[in-house]
Amino acid sequence: ADAALTMFQDSVKLDPAGAGVAGVGAALLALKRTDDAVDHLKKATALIFRTSEARVACWHQLGRALAQAERHAEALEALKKGVEGGQASPALLRDYGLSCLAMKRHEDAFVALSLAGSATGAAEALKTAEKMVHATTAHECDDCGGEAFFERMENGKPKKAHCTLCAGSGRIWNRPCVA
């Protein structure tokens, strides 16, 4: 990581508005120099980059550094700027989702983690987010009134049938839209 830091620092000397700026922050994080990474990346986000990818990378690394420092509200803001700044990578969406979970924004976490796809750790975090959304939004089924069954007439005789909306559980939850 020390060698990587040196290489990224040399890259920044050659191209102060290039992608190496985010690399310096990532290398500082790898070296567990969280405060240095936060300071560097805060300055870096104010730069004018030639590409949106470099800007997004800086916001992503700043969010990671702030999350590592357990400054979750600030991390969430930085990661949100990264997500809004361009094409969000699966890793950025995963980190944004994890910050949303830390801030108890379960619906936002569910959406971000659903979009994160195959990013390492996203699937397990998605299960947690889904459980939390379910726990906080579950309510009695609107169709069956929580009974889980309907009584309908079949061949002139009453017959019980499972409610199709709640699949016979009597409860439904507000699943966020992931379009």
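As a starting point, this report considers the structure included with it. (Residues numbered from 1 in each chain as written. Predicted model: local features only at pLDDT ≥ 70, side-chain atom pairs only at ≥ 80, totals over all residues. Heavy atoms only, no water.)

1. Topic: the pattern of salt bridges
Evaluated as defined, the whole model comprises seven salt bridges. The salt bridge partner of Glu74 is Arg71, with a shortest N-O separation of 2.9 Å. A relative accessible area of 29% means that Arg71 is categorised as partly exposed. Each of Lys42, Arg71 and Glu74 takes part in a single network of salt bridges with overlapping partners. (Salt bridge = Lys/Arg side-chain N within 4 Å of Asp/Glu carboxyl O. Buried < 20%, exposed > 50% of the residue type's maximum accessible area, 1.4 Å probe, protein only.)

2. Section: the packing of aromatic side chains
This structure, assessed with the given rule, holds one aromatic pair. Centre to centre, the rings of Phe110 and Trp173 are 6.2 Å apart; their planes meet at 90°, and the pair counts as edge-to-face. With Phe110 in helix α7 (residues 106-116) and Trp173 in the segment after β4 (171-172), the pair connects residues that are 63 residues apart, well separated along the chain. Here the basic side chain of Lys160 rests over the ring of Phe149, its NZ or CZ set 5.7 Å away from the ring centre. (Phe/Tyr/Trp six-rings, centres within 6.5 Å; stacked < 30°, edge-to-face > 60°. Helix = DSSP H or I, 4+ residues; strand = E, 2+ residues; numbered from the N terminus. Lys NZ or Arg CZ within 6 Å of the ring centre and 35° of its normal.)

3. What about α7?
Listed as buried for α7 are His106, Ala109, Phe110, Ala112, Leu113 and Ala116. Check the buried side of α7 and you find it contacts α6 (90-102) and α8 (122-137). Directly beyond the C-terminal end of α7, a positive phi value near 60° is found at Gly117. (Contact = heavy atoms within 4.5 Å.)

4. Here we look at the side chain of His106
Here His106 is to be found in helix α7. With relative accessibility at 10%, the residue His106 sits in the buried group. Contact partners of His106, with chain neighbours within four places excluded, come to Leu101, Ala129, Met132, Val133 and Thr136.

5. Regarding the environment of Thr136
As for its position among the elements, Thr136 is in helix α8. For the pair formed by Thr136 and Glu107, sequence separation is 29 residues and the distance between their alpha carbons is 9.7 Å. The residues contacting Thr136, other than those within four sequence positions of it, are His106 and Glu107.

6. Considerations on the environment of Val21
With respect to the element layout, Val21 can be found in helix α2 (residues 20-30). In this structure the C-alpha to C-alpha distance between Val21 and Lys81, which are 60 residues apart in sequence, comes to 17 Å. If sequence neighbours within four positions are ignored, Val21 has contacts with Val12, Pro16, His40, Leu41, Ala44, Leu47, Phe49 and Cys58.

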